[in-house]
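Fold and contact review
Residues per chain are reported as follows:
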Amino acid sequence: MSVGKSISRVDAYEKVTGRAMYTADLERPGTLVARVIRSTIANGVVKRFHLEKALAVPGVVKILTCFDGPEFLFPTAGHPWSTDKSHQDVADRRLLNTRVRVWGDDIGAVIAENEVAAQQALRLIEVEYEEYPPLVTVEQAMAPDATQLHPDFPGNILKQTEFRIGEPSYTQAAEEEGLARISKTYGVQTVQHCHIETAVSIAWMEKGRIVIVSSTQIPHIVRRVIGQATGLSWGKIRVIKPYIGGGFGNKQEVLYEPLNAWLTTQVGGRPVRLELSREEVMACTRVRHAMDITIGMAARPDGTFVARRFEGYSNQGGYASHGHSIIANAANGFRNLYTQEKVVEAQATTVYTNLTSGGAMRGYGIPQLSFAMESAVDDLALQLGMDPLELRLKNAMPEGYVDPGTGITCHVSGLRDCMQRGAEHIGWAKKRAAYQNQTGPLRKGVGMAIFSYKTGVHPISLETASCRMILNQDGTMQLQMGATEIGQGADTVFTQMAAQELELSPEDIHIVSQQDTDVTPFDTGAYASRQTYVSGMALQKTARSLKRRILDYASGLLEKPADTLRLEQGNIRDVQGNDLMALDVLATEAFYSLERPLHITAEESIHCTDNTYAFGACFAEVEVDIPVGKVKVLDIINVHDSGVLINPQLAQAQVHGGMSMGLGYALGEQLLYNDKAVPLNNNLLDYKLPTALDTPELYVDFVETVDPTGPYGNKALGEPPAIPVAPAVRNAVLHATGVAVGSLPLNSQKLVEAFEQAGLLKKAGGENV
Amino acid sequence: MFDVQKIYRATSVEDAIRALHRMEGSILISGGSDVLIKIREGKLAGCTLVSINDLQELTGIVMEEDGTIKIGPGETFTRITEHPLIRQHIPVLGHAVDQAGGPQLRNVATIGGNVCNGVTSADSAGALLVLGAQLEITGRDGMRTLPLEQFYKGPGRVDLNRGEILTAIRIPQKDYQGFGGHYIKYAQRAAMDIATLGCAVSLRLEEDRQTIADYRLAFGVAAPTPIRCRKTEAAVMGKPVSSRLLEEIGQLALGEVSPRTSWRASKEFRQRLVCELSGRATAQAVKHAGGETL
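The structure presented is a predicted model; accordingly, all values stated were derived computationally and were not measured.

**Describing the overall build of chain A**
Looking only at helices and strands, chain A features 19 helices and 27 strands. For 769 residues, the compact-globule formula gives about 27 Å, and the C-alpha radius of gyration of chain A, at 27 Å, lands near that figure. Principal-axis analysis of the C-alpha atoms gives chain A an extent of 95 × 75 × 50 Å. Within chain A, the proportion of its 769 residues that are buried is 64%. Carbon and sulfur atoms make up 51% of the accessible area of chain A, which amounts to about 27,100 Å² in all. For chain A, the distance from the average site of its 70 positive side-chain charges to the average site of its 87 negative ones is 2 Å.

If you want it as structure tokens, here you go:
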């Protein structure tokens, strides 16, 4: 049995010894360096470049501008393509843009022999613009006199959607006498993924085709988008994905591969490396959308929810990227985590502004929702005088729930067990009571939050995956997945699944980590917490085909019916369990037999038409230093129901990473912009990503349900750990201080101001309460 | 790859001074943790450097005959924190510089660079100010000495003429013997951060272990340069330690600081920190000076 064991990562030794090859390791001799010329305004039009001085810098090979680039409009979101035009991603940008819509927009590129020459040239380029007023906020962008950023989107509204499930309207249902009601707006800030390896690719030409090595989560999608952006036929593009240093959704985006693919064509196919600096990644790739979400809730005195409403505005930034999908996912998540007697409704709006474009980031709209909704649940509990845990247990999604919007069924749920276990760990009942009525500058509190999360994108988008297996002469297996290892441990769990299905040892499964669109079977890639579930289905199907072929071949050799044979522990056995032939003997025979030579391989693809909910809860205990606004997390635990864990230790590591991301979201991270939409802190000093010293001991627990639809019973785990942490911390601060902070992050100045407003602190210099 | 025009590795302080005069516009580099960042940002791109990184004569932490502790400006933060003389006599300095950046930075960044950079957030500054640090500056025409407090000329500007090098930092015995000190770096993170406010206190108690005999208070990021609060200090001397006094210190200090609002923090928030942290740092310093825990 391999599934369920904490085997070491199959890439562990390569990675810790530095042998694993990343994009930068695959640079070819004579590689040129490209740097993007970036706009120094956020809203306007490029009128003219002055390139003379830059072109004179020794080592500068070529400078290309938006007046040279291809005219194709293309989408950048890493979604599966749709052949139905109405479901296609919005194509709203060119490789190099004349119409500037974000600060740092791509308006040209310098290609040079080395980094220094490229940088020197960049500093010498002068650009003339026609400038329009920058649109920083949703309100500014929706104002009647705002400049329209994209021709097809009047009012700068990318999209607005709404739904109502039940009767009558929220407003009418909430009017009923005797209900407790809240209506409050919660704000979440812009944050960035901060993956260790920045966006980087190396592109060159071979035999009239483009080859590009890139740090991406989605090699097959990158190929498609390069085709769309450059006009090249898709088959002429070859994308290679080596090991990558993190993505968190930012590399579920086709960032700079199309530009680099085009650049190499402009220098005769010479290899070109286009690598972004940290500052560029933070300001000019993608971010998690800032949103303002108004939550309305009406409940009976016993806590039963009667009606719920979500009204959200998402700040898209300059380009559509994943666009409205993110807040639409948040609205769907609002619908399905809780039930209500009468009605749930939502209205979601995504608005173009001049900030950094929002895209996919771990949790895809649900961390934003979770902060708003789970804060609202605690605010409502306070009004009802009810324990927030009780309130959630009473109203949370039951097993068997079928989402009326998507048809996704709750096949199995460990949500209530997650809550109970988390409560036990944190000492919920005791501490909720003990921390009432505190005084003094240091106060403690406990808080919680829960979530549900889908597994993959069905039925919103296509879910397909494929796998190839090749039997070697020695009875071992080459395993090739279209699904990608992005640090999360995909290669390891696929190895375990293959070993399980074929009853081999994991050491006998040789997974090919690198994807190469010329040879790798098709899969859309790593996102939506989909691969263990969806790509795992392709693996299972392929393994079963391979096994059948092995047994068919054995049947011929042994002259016994195939259905009397089994493949077990590297042996062909009969029904009594007697060893008839070792697999390596069979494999060698198959390769070299003069009578029946056969190369035993299997390749299958699947179409996944199911989905399932993963669940979890976070419980946090904090101590708040009121006069200086510091929150210390004393204890924190995430408890997850992600179905059966294929590799418990890797699962735990995944949760640790997500909790760290959640703590950053809760307490410090925020990408700031000035009123010209210029980023202020797009670097890792001024952007407060937590360090090891800021991170408390992270406790993790699992409730292992067996999902009837997932391979070996698994459900989503990649994204969920980042979701519930921020609202749990916020609710713990509420419990400690009685102050219901309405926005993230809970940084010190904001807290001090909130404490002043609540009367916990007098203005600086006054006496404290 | 760094955009450096030329780098000259000096063989002695004298040689470095000559090189600075000879190579127009050249910049001194030691640990490089400030200079390299500015080169990368483009602010110093294409610069000419004179390196004093390998000069033995700029390192060493020793006690001179009169009890003065002499710190070579080429000493790294890590070495200062770990040095027995620092640990024994001026732990507040070792503690302060141990809060700069992370281990990698502290292994290369030098205290001389931190002082000469002149920024208000420098983690060594507050501690050195309350320790009454004296700077020895060497130029073509010889040596001069001045207190650190007079070294600051404005944000990022110090009293260093072309071709002058900081060659020693001295802490006189009268400024550390019998003192207890404490430095609080208030930042948004526990590591890898710059101070939102830095507060250093050094004090000596009378034999009753209750009355303040000598008191020094300094701040970083509370003004354009690191500052000492002389009026507050004067008002505190001779008073018995009490929680009332701690609050008074905060109030008094408010009158001597001039923090500004930036996107990093508001003036009001920094003022609150001035009040709150001066009391907290004083309480801790009292403990270190052998007094009662308040």
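Next comes the rest of the account.
**A short note on the domain arrangement of chain A**
All names here are of chain A. We note that the domain assignment places domain 1 (27–132 + 199–275), domain 2 (290–458 + 610–757) and domain 3 (465–606) within chain A. Taking the mean C-alpha position of each, domain 1 and domain 2 sit 36 Å from one another. Of the residues lining the interface, 20 residues belong to domain 1; the matching set on domain 2 comes to 22 residues. Buried surface at the junction of domain 1 and domain 2, both sides included, amounts to about 1,500 Å², of which 55% is carbon and sulfur. Applying the counting criterion to the domain 1 and domain 2 interface returns 15 residue pairs in polar contact (both at pLDDT 80 or more).

**Examining the interface of chain A and chain B**
Taken together, the contact between chain A and chain B spans 40 residues of the former and 32 residues of the latter. Where chain A abuts chain B, roughly 2,600 Å² becomes buried across the two surfaces, and 51% of that area is made up of carbon and sulfur atoms. Summed over the shared surface of chain A and chain B, the number is six salt bridges. With a closest N to O distance of 2.7 Å, Glu756 of chain A and Arg272 of chain B form a salt bridge. Elements with a contribution of two residues or more to the side of chain A that touches chain B: helix 3 (115–124), helix 8 (278–284) and helix 19 (748–757) of chain A. The residue inventory of the side of chain A that touches chain B, partitioned by class, reads 14 nonpolar, 12 polar and 14 charged.

**A look at the nonpolar core**
Formed by 149 residues in total, the largest nonpolar core has its most connected members in Phe310 and Ile636 of chain A together with Phe219 of chain B. For this core, the element with the most residues is helix 10 (residues 366–384) of chain A, which contributes 10 residues. The contact partners of Ile636 of chain A, leaving out residues within four places of it in the chain, are Ile426, Cys618, Phe619, Ala620, Met659, Leu663, Pro696, Glu697, Leu698, Tyr699, Val725 and Val729 of chain A. Val36, Val222, Val281 and Cys284 of chain A belong to the second-largest nonpolar core, a separate cluster that totals 57 residues.

**Here we look at the sheet that holds strand 2 (residues 44–50) of chain A**
Residues and elements named next belong to chain A. The three strands are arranged 4-2-6 in an open sheet whose pairing can be described as antiparallel. Single-partner strands in this sheet number two, and they are strand 4 (99–100) and strand 6 (126–131). Sheet topology note: the strand 2/strand 6 ladder contains six bridges and is antiparallel. Pairing of Arg48 across the sheet is with Glu128, part of strand 6.

**Considering the packing of aromatic side chains**
All names here are of chain A. All told, the structure shown has 12 aromatic pairs over all chains when counted by the stated rule. Aromatic pair Phe49 and Phe67: ring centres 5.9 Å apart, planes at 80°, arrangement edge-to-face. Residue Phe49 is found in strand 2, and its partner Phe67 is found in the loop between strand 3 (60–65) and strand 4; the two are separated by 18 residues along the sequence. When its relative accessible area of 46% is taken as the criterion, Phe67 is described as partly exposed. On the basis of an interplanar angle of 45° and a centroid distance of 5.7 Å, the ring pair of Phe310 and Phe334 is categorised as tilted. With Phe310 in strand 14 (residues 305–317) and Phe334 in helix 9 (residues 324–337), the pair connects residues that are 24 residues apart, well separated along the chain. What makes Phe310 buried here is its relative accessible area of 0%. Accessibility expressed as a relative area gives 0% for Phe334, which makes it buried.

**A look at helix 10 (residues 243–254) of chain B**
Residue and element names in this part refer to chain B. For helix 10, which comprises 12 residues, the first-to-last C-alpha distance of 17 Å matches the rise-based estimate of 16 Å (1.5 Å per residue) to within 8%. Listed as buried for helix 10 are Leu245, Leu246, Ile249, Gly250, Ala253 and Leu254. Tucked inside the fold, the buried residues of helix 10 contact strand 13 (212–220), helix 9 (230–236) and helix 11 (267–288).

So, how was this worked out
- Think of each chain on its own: its residues are numbered from 1, step by step along the sequence as written.
- All chains are assigned letters beginning with A, and all ligands numbers beginning with 1, in the order in which they are written.
- Totals for whole chains, interfaces and linings use every residue, but because this is a predicted model, local features are given only for residues with pLDDT of at least 70 and side-chain atom pairs only at 80 or more, for both listing and counting.
- Hydrogen atoms and water are omitted, and side-chain values are computed over all heavy atoms in the structure.
- Secondary structure elements are defined from DSSP: runs of H or I of at least 4 residues count as helices, runs of E of at least 2 residues count as strands, and each element is numbered from the N terminus.
- Here the radius of gyration uses the C-alpha set of atoms, whereas the globule reference equals 2.2 Å times the residue count to the power 0.38.
- Think of it in three bands: with a 1.4 Å probe and only protein chains considered, a residue is buried below 20% of the maximum accessible area for its type, exposed above 50%, and partly exposed in between.
- For the accessible areas, the method is Shrake-Rupley and the probe is 1.4 Å, while residue cover comes only from the protein chains on display.
- Neither His nor the chain ends is counted toward charge; the positive residues are Lys and Arg and the negative residues Asp and Glu.
- For this purpose, a charge sits on NZ of Lys, CZ of Arg, CG of Asp or CD of Glu.
- Note that the domain bounds reflect an automated or database-derived domain assignment.
- Between two residues, a contact is recorded if the distance between any of their heavy atoms is within 4.5 Å.
- In short, buried area is how much 1.4 Å probe accessible area vanishes from two parts on joining, totalled over both.
- Nitrogen and oxygen atoms within 3.5 Å of one another constitute a polar contact, given that in protein one can donate a hydrogen and the other can accept it, and given that sequence-neighbouring residues count only through two side-chain atoms.
- For salt bridges, the criterion is a side-chain nitrogen of Lys or Arg within 4 Å of an Asp or Glu carboxyl oxygen.
- Only Asp, Glu, Lys and Arg are considered charged, only Ala, Val, Leu, Ile, Met, Phe, Trp, Tyr, Cys and Pro nonpolar, and every remaining residue, Gly among them, polar.
- The definition of a nonpolar core used throughout is a set of buried Ala, Val, Leu, Ile, Met, Phe, Trp, Tyr and Cys residues joined through side-chain atoms within 4.5 Å.
- Here, a strand pair is defined by DSSP locating no fewer than two bridges between the strands.
- Side-chain rings of Phe, Tyr and Trp (the six-membered ring for Trp) are treated as a pair once their centres are within 6.5 Å; stacked means planes under 30 degrees apart, edge-to-face means over 60, and tilted covers the remaining angles.
- Any helix carries an expected span of 1.5 Å times its number of residues minus one.

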